[in-house]
Amino acid sequence: MDTSTSGGSQTSNPDQKVVSIKNVHKVFNSGSGDAVVALQDINLEIGANEFVSLTGPSGCGKSTLLRLIADLLQPTAGQLLVNGKPPHQARQDRDYGFVFQAATLYDWRSVSQNVQLPLEIMGYSPRERAERARAMLKLVELEKFADHHPWQLSGGMQQRVAIARALAFEPALLLMDEPFGALDEFTRERMNMELLNIWGKAGGTIIFVTHSIPEAVFLSSRVVVMSPRPGRITKVTNIDLPRPRNFETREDPRFFAAVTEVRESLREAYGV
Amino acid sequence: MLDTELRPSGEADTPRLASGRALSIVLTLVMLALGLIVAAAYVGMPLDDPSLVESTPGQLALWLAARNNLDEAATLGTARIALVGMSLLAAGLSGGGLYALARRSASSQRALLWALLSFDVLVLNVPPVDGSLLYPLPLAGIALALVALFVAPGRVSRTLGVFVVISALLCFWEVYIALGQATGNTLPLTDFPWKMPHWQNIAEQLLQPARRNGPLLLVGILAEAAFFTWREAFVGFVAGSLLGFVLGMLFAHSKLLERALLPYAIASQTVPILAIAPMIVSALGAGWLPVAVISAYLTFFPVTINTLRGLLSPDPMALELMRSYAAPAWAVLWKLRVPAALPYIFTALKVSATGSVVGAIVGELPSSRSDGLAAAILRHSGNYASQPEKLWATIVIAALVGILFFSAVSLVERWVMRRRVSVES
């Protein structure tokens with residue numbers, strides 16, 4: 001196990017960590033004959049206002065790790081803390097927003113009503129809901145589409161609505177599970193730019209799962225490389241590219257150097 | 001974004017047959033001529049001609065004259081004008097079809113459909129009189145219109161199929177009767193005239209007094225009976241749908257309840273309703289209540305099954321989203337599961353709407369309700385051999401009740417679902 005898990009953190013006080021993962025294991029179908037070790041001995045700490053990507057090939061457990069943080073799954077062993085609390089408590093306190101691989105918009109709701117969904121559940125007043133939905137749609141530059149319905153939008157626009165919905169209640173932590181995985185290369189690069197813009201305005205911590213190395217490098221302050229069978233963290237790489245990042249960043253030699261570094265750590269994990 | 005590849009609207013589609021347009025132009029020309037011939041035949045027709053007296057408007061004219069002490073010649077004259085008008089309408093609508101075809105309009109098929117319907121109306125009004133050449137002409141019009149519709153270019157509308165089938169059936173039915181007569185009644189079902197009555201006779205029967213010299217037409221009596229039965233069916237439909245919805249909710253909520261109760265819900269539908277109905281009637285006494293209960297009994301099951309399916313239909317990610325909000329159970333139910341179930345529930349409600357009418361009719365039988373459709377059906381099946389048209393007319397009205405109820409539920413569905421992706425788009 002690589003020891004660079006402390007690479008991005010400046011403080012040593014564990015209460016300051018947004019996410020703190022210690023010796024976490026996750027076994028699916030535990031106890032039965034077809035038990036699968038999805039995650040083995042995961043240690044990771046993520047500080048405030050970091051942008052951390054989890055990357056690796058299919059089956060490396062990156063999505064599982066994200067779901068453990070979100071309390072959509074429970075670890076078999078080990079300790080997870082989100083904002084210093086157990087994930088279950090963090091979920092009850094609505095500490096994070098989650099963006100799925102598919103936009104999962106409800107098609108009977110307009111764009112604005114979709115953004116308001118979490119606010120309705122959390123008991124915001126109608127006036128505040130409308131105001132926040134307007135502000136969030138402005139943030140993702142879809143204010144003109146507030147009254148459209150999801151099926152009238154392109155895939156990239158739908159995913160922007162999903163991001164606006166996740167940010168509507170202003171969580172300090174945003175969990176994103178391959179949100180641009182289904183988009184074409186051009187749209188994806190544009191969405192990367194827009195996500196950085198949104199992050200620049202909204203702030204907070206983002207944990208981003210992707211299987212695209214360039215995407216991970218372009219977005220992140222740290223890239224966590226994972227490998228499968230059993231899922232484990234093989235390397236954590238700091239990305240020191242200057243911000244704000246833009247289309248020129250992708251042509252910067254330092255960008256290529258970072259992509260190469262991450263790619264090689266993946267190859268080492270496979271022993272190729 | 002929105003569908004940008006809409007077909008150019010002014011241009012008709014490629015015809016399915018290369019010469020389809022030319023052929024349909026010829027056919028509509030003949031239809032136009034047929035309409036004009038029928039009109040011309042009626043213009044100078046003597047008032048005692050059976051083709052006028054036995055026609056549907058002719059019979060209505062006689063009833064009106066007898067009831068209001070009017071001059072028969074005057075009312076029959078009006079009936080003659082009505083028949084001329086219908087024939088000219090058929091000719092005119094055929095001309096409209098011709099015009100649309102000549103202009104290569106995209107609405108050619110719609111124009112032809114209207115022409116087809118006008119010939120249907122004509123067949124229901126012109127009486128089959130032995131030796132008269134007038135009756136086959138509108139039938140030929142229907143046949144030609146059907147062929148023209150089949151080969152004509154243009155987009156097929158949604159209502160087209162319904163009317164094409166009923167028109168084809170009408171045409172086939174009447175031609176079959178004619179064939180039976182031509183072959184000396186050797187074809188099956190043509191040996192006795194009451195086995196296959198003419199559709200015109202059924203239409204005419206609806207506009208005849210329900211009883212000899214009675215004040216009310218059969219259609220009026222049947223409409224009253226239909227409304228009477230529909231009210232019972234409606235109560236049963238509402239109660240059955242609510243019960244079905246609640247059961248579906250319970251089953252979706254608890255696997256245990258589903259395992260325990262669903263087999264009995266299924267079993268309840270395999271028990272013949274005819275056997276259960278007398279028990280319900282004797283338990284609840286006479287009146288509308290047992291009828292509504294029997295109607296609800298036939299209604300609840302599809303709603304239960306589809307509510308259950310619909311409530312379980314949201315995909316795992318949509319549910320995880322709710323979980324990520326730490327959404328309470330009521331929010332998951334009312335903001336995700338129920339909206340997702342609505343398309344399923346409406347499908348069931350449409351099935352139940354027609355089922356509730358059948359249930360009410362079946363329920364009326366043992367409860368001896370004399371004002372509903374069941375009594376009318378019983379009354380007219382007793383006289384079937386002498387007056388088959390009355391039972392057929394009753395069936396037509398009973399079917400209309402179901403169709404109208406179904407359509408009403410469909411309208412509500414369209415209104416509720418107006419913001420969703422429509423199947424058509």
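Student: I'd love a proper account of the overall build of chain A, names of residues and values included.
Tutor: Secondary structure summary: chain A contains eight helices and nine strands in total. Here the C-alpha atoms of chain A give a radius of gyration of 19 Å, agreeing with the 19 Å that 2.2 N^0.38 yields for 272 residues. If one aligns the C-alpha atoms of chain A with their principal axes, the spans along those axes are about 55 × 45 × 40 Å. Each of the 272 residues in chain A was classed as buried or not, and the buried ones make up 54%.

Student: Before we move on, could you go through the packing of aromatic side chains and cite the residues and values that matter?
Tutor: Taken as a whole and judged by the stated rule, the model has 17 aromatic pairs over all chains. By the ring-pair criterion, three or more aromatic residues cluster together here, those being Phe227(B), Trp230(B), Phe234(B), Phe237(B) and Phe405(B). The cationic tip of Arg250(A) hangs over the ring face of Phe218(A); the distance from NZ or CZ to the ring centre is 4.1 Å. The ring of Trp415(B) has Arg418(B) lying over it, and the distance from NZ or CZ to the ring centre is 4.4 Å.

Student: An account of the sheet that holds strand β1 (residues 19-28) of chain A is requested, with residue identities and associated values reported.
Tutor: All names here are of chain A. The three strands lie next to each other as β2-β1-β4, forming an open sheet whose pairing is antiparallel. Of all the strands in the sheet, just β2 (36-46) and β4 (77-82) have a single pairing partner and so form its edges. The average angle at which neighbouring strand axes cross in this sheet is 25°, direction not considered. As defined by bridge partners, β1 adjoins β4 across five bridges and the pair is classed as antiparallel. Within β4, the residue paired with Ser20 across the bridge is Leu81. Helix-sheet contacts for helix α1 (residues 62-69) involve β1, β2 and β4, and the interaxial angle to β1 is about 120°.

Student: If you had to explain the interface of chain A and chain B to someone new, which residues and values would you point to?
Tutor: The parts lose accessible area when they come together, and the size of an interface is often stated as this lost area. Contacts between the two partners involve 30 residues from chain A, matched on the other side by 21 residues from chain B. Summing the contributions of chain A and of chain B, the shared interface buries around 2,400 Å²; its carbon and sulfur component is 64%. It is Tyr106(A), Trp108(A) and Ile121(A) in chain A that bury the most area against chain B; as a group they hold 27% of the surface buried on that side. Taken together, the connections running from chain A to chain B amount to three salt bridges. We note a salt bridge from Lys335(B) to Glu120(A), for which the minimum N-O separation is 2.7 Å. Seen at the junction of chain A and chain B, the total is eight residue pairs in polar contact (both at pLDDT 80 or more). Among the elements of the structure, α2 (87-92), β5 (96-99), α3 (111-121) and α5 (155-167) of chain A are those that each provide at least two residues to the side of chain A that touches chain B. Top element by residues in the side of chain A that touches chain B is α3(A). It accounts for four residues. Of the residues in the side of chain A that touches chain B, the class split is 15 nonpolar, seven polar and eight charged.

Student: Quick one: what's the story with the packing of helix α10 (residues 255-270) of chain B against helix α12 (residues 288-311) of chain B, residue by residue and with numbers?
Tutor: When two helices pack together, their arrangement is captured by the angle between the axes and the distance separating the axes. Residue and element names in this part refer to chain B. Two numbers describe how α10 lies on α12: the axes approach to 10 Å, and their chain directions differ by 140°. What the angle tells us is that α10 and α12 run oblique. For α10 against α12, the interelement crossing comes out left-handed. When α10 is examined against α12, the residues Glu258, Leu262, Ala265, Ile266, Ser268 and Gln269 are found in contact with a partner set consisting of Tyr297, Leu298, Phe300, Phe301, Ile305 and Leu308.

Student: Please provide a residue-by-residue account of the sheet that holds strand β9 (residues 232-238) of chain A, values included.
Tutor: Residue and element names in this part refer to chain A. The six strands are arranged β5-β6-β7-β3-β8-β9 in an open sheet whose pairing can be described as mixed. If you trace the sheet from one side to the other, it starts and ends with β5 and β9, each paired once. Adjacent strand axes in the sheet meet at a mean angle of 15°, parallel and antiparallel pairs treated alike. Judged from the five bridges that link them, strand β3 (residues 51-55) and strand β7 (residues 205-210) form a sheet pairing that is parallel. Bridge assignment links Thr55 to a residue of β7, and that residue is Thr210.

Student: Quick rundown of the domain arrangement of chain B? Include the residues and the values.
Tutor: Residues and elements named next belong to chain B. Parsing chain B into structural domains produces domain 1 (15-206) and domain 2 (218-424). Across the contact, nine residues belong to domain 1 and 14 residues belong to domain 2. Summing both partners gives a buried area of about 1,100 Å² for domain 1 against domain 2, and 68% of it is carried by carbon and sulfur. When the buried area of domain 1 at its contact with domain 2 is split by residue, Trp194, Gln205 and Leu206 rank highest and sum to 58% of it. Along the contact surface separating domain 1 from domain 2 lie one residue pair in polar contact (both at pLDDT 80 or more). Looking at which element gives the most residues to the side of domain 1 that touches domain 2, the answer is helix α8 (residues 199-206), with four residues.

Student: Can you tell me about the confidence of the model for chain A, naming the residues and giving the values?
Tutor: A residue-level look at chain A finds 93% of positions with pLDDT of 70 or above and a mean pLDDT of 86. Across residues 1-12 of chain A the pLDDT falls below 50, and counting only partners more than four positions away or on other chains, this stretch makes 18 contacts in the model.

Student: I'd like a description of the environment of Leu189(B), backed by residues and values.
Tutor: Residues and elements named next belong to chain B. Residue placement: Leu189 occurs in the loop between α7 (160-182) and α8. Exposure remark for Leu189: the relative accessible area of 47% places this residue in the partly exposed category. Along the chain, Leu189 and Thr28 lie 161 residues apart, while their C-alpha atoms are 33 Å from each other. With residues near it in sequence (within four places) discarded, Leu189 still touches Lys195 and Met196.

Student: Tell me what's going on with the pattern of salt bridges, and back it up with residues and numbers.
Tutor: For the structure on display, the rule yields 23 salt bridges over all chains. Put simply, Asp71(A) and Arg91(A) hold a salt bridge, and the shortest N to O gap is 2.8 Å. Of this pair, Asp71(A) sits in the loop between α1 and β4 while Arg91(A) sits in helix α2, and the two are 20 residues apart along the sequence. An identical accessibility class is assigned to Asp71(A) and Arg91(A); each is buried. Among the charged side chains, a network of salt bridges with common partners joins Arg67(A), Asp177(A) and Glu320(B).

Student: Which residues make up the side chain of Ser265(A), and what are the values?
Tutor: Residues and elements named next belong to chain A. Secondary-structure assignment places Ser265 in helix α8 (residues 253-270). On the basis of relative accessible area, Ser265 is assigned to the buried category, the value being 5%. At 2.6 Å, the side chain of Ser265 forms a polar contact with the backbone oxygen of Val262. Among residues more than four places away in sequence, those in contact with Ser265 are Val225 and Lys235.

Thresholds applied
Residues numbered from 1 in each chain as written. Chains lettered and ligands numbered in written order. Predicted model: local features only at pLDDT ≥ 70, side-chain atom pairs only at ≥ 80, totals over all residues. Heavy atoms only, no water. Helix = DSSP H or I, 4+ residues; strand = E, 2+ residues; numbered from the N terminus. Rg over C-alpha atoms; globule rule 2.2 N^0.38 Å. Buried < 20%, exposed > 50% of the residue type's maximum accessible area, 1.4 Å probe, protein only. Phe/Tyr/Trp six-rings, centres within 6.5 Å; stacked < 30°, edge-to-face > 60°. Lys NZ or Arg CZ within 6 Å of the ring centre and 35° of its normal. Pairing = 2+ DSSP bridges. Axes fitted to C-alpha atoms, helices over the stretch in contact; angles between N-to-C directions. Contact = heavy atoms within 4.5 Å. Buried area = accessible area lost by both parts, 1.4 Å probe. Salt bridge = Lys/Arg side-chain N within 4 Å of Asp/Glu carboxyl O. Polar contact = N/O pair within 3.5 Å; in protein donor to acceptor, adjacent residues only side chain to side chain. Nonpolar A, V, L, I, M, F, W, Y, C, P; charged D, E, K, R; others polar. Parallel < 35°, antiparallel > 145°, perpendicular 65-115°, else oblique. Left-handed = near helix turned anticlockwise from the far one by under 90°. Domains from an automatic or database assignment. pLDDT = per-residue confidence, 0-100.

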